[in-house]
Amino acid sequence: MSLVEGAGRTRLLRSELRLIFGRRRNWVGALVLASVPVLIAVAVRAAGSSDGDSFVFGQITDNGLFVALAALTVELPFFLPIAVAAISADAIAGEANLGTLRYLLVTPVDRTRLLVVKMTAIAIFAAVATLLVAGVGAVVGLAIFGGGDVLTISGTTLGFGEGLLRLLLVCAYLTLGLVALGAVGLFVSTLTEQPIAATIATLVLTLASQILDALSQLSVIHPYLLTHYWTDFGELLRDPLSLEPLGPGVLCALAYTAVFGAAAWARFTTADVSA
């Protein structure tokens, strides 16, 4: 494949990423995401103690890396999902609402390829959003509380490098869950021309999943809920490290991505979504 052909294949993706990361409202959203770890670090510093029931919050003053983990814990139920929901719900509905989707579809661009580009851009955004929260948390936390060995849930300690690697694994695991949410949002986006409605619907589905997951009477359906396994990232803070407990969460995320990605493809390739 020539360089020209390769550039042509990635042109749509580069254009989509510029659209996502170039919008002022998305920069405002990124600032909101980045502000949470700063607020956590400042609050703990001002209080002079991070004692609490949560293992992650209890270790902040001993190692600044835990600010990143605390921020991810706080933002996972709402802030990160709403960011991904907004981007994924806007992917098709936003284009249709502005009238730009019909121009994309009259050019020689295959609908399947366009949908793959949209999903890829959503996945990249989910990864960037997660790394943004963790990165800001780690930098601010290390600047205020310092680093050093990392205490695990098992009671052992890890070197700083190993602790940083565990943080990156946490980000990768959470990104998988958010990509699954993005697939749901992409499907909803093909059902309407109103991006706000699609965003609200996607977020409502996410919150409903969390509410149902909190009801012990419905434990039989918990393994099938989108958000059920999101908090399992704590398994990555054990020693020795075992990825087996994360298997159900990974499979659930992949299943949601495949099912709703296929549903979005079926809808987008057969319906007149550009009308």
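In this report, the structure presented in the accompanying data block is examined.

Quick notes on the rules
- Residues numbered from 1 in each chain as written.
- Predicted model: local features only at pLDDT ≥ 70, side-chain atom pairs only at ≥ 80, totals over all residues.
- Heavy atoms only, no water.
- Helix = DSSP H or I, 4+ residues; strand = E, 2+ residues; numbered from the N terminus.
- Core = buried A, V, L, I, M, F, W, Y, C linked by side-chain atoms within 4.5 Å.
- Buried < 20%, exposed > 50% of the residue type's maximum accessible area, 1.4 Å probe, protein only.
- Contact = heavy atoms within 4.5 Å.
- Patch = residues over 30% accessible without salt bridge, like charges linked within 9 Å, V, L, I, M, F, W, Y side chains within 5 Å.
- Areas by Shrake-Rupley, 256 points an atom, 1.4 Å probe, with all protein chains shown as cover.
- Salt bridge = Lys/Arg side-chain N within 4 Å of Asp/Glu carboxyl O.

### Looking at unusual backbone geometry
Residue Pro 240 is reached from Asp 239 by a cis peptide bond, and omega for that bond is 5 degrees. Residue position: Pro 240 is located in the loop between α9 (195-213) and α10 (247-270).

### Structural notes on the nonpolar core
Among the nonpolar cores identified, the biggest contains 65 residues, and Ile 60, Leu 72, Leu 167 and Leu 186 are the most heavily contacted of them. Elements that contribute at least two residues to this core include exactly α1 (3-22), α2 (24-47), α4 (65-75), α5 (79-98), α7 (111-145), α8 (160-189) and α10. Ignoring anything within four residues of it in the chain, the contact list for Leu 186 reads Ser 88, Ala 91, Ile 92, Leu 115, Lys 118, Met 119, Ile 122 and Ala 264.

### Brief notes about the environment of Val 32
Take Val 32: it is sitting in helix α2. Judged by its relative accessible area of 37%, Val 32 is partly exposed. Along the primary structure Val 32 and Ala 83 are separated by 51 residues, whereas in three dimensions their C-alpha atoms are 9.9 Å apart.

### Things to note about a nonpolar patch on the surface
On the surface, Val 28, Val 32, Phe 78, Phe 79, Ile 82 and Leu 207 cluster together into a nonpolar patch covering about 430 Å² of accessible area. Taken together, the elements giving at least two residues each to the nonpolar patch come down to α2 and α5. Position of Ile 82 among the secondary structure elements: in helix α5.

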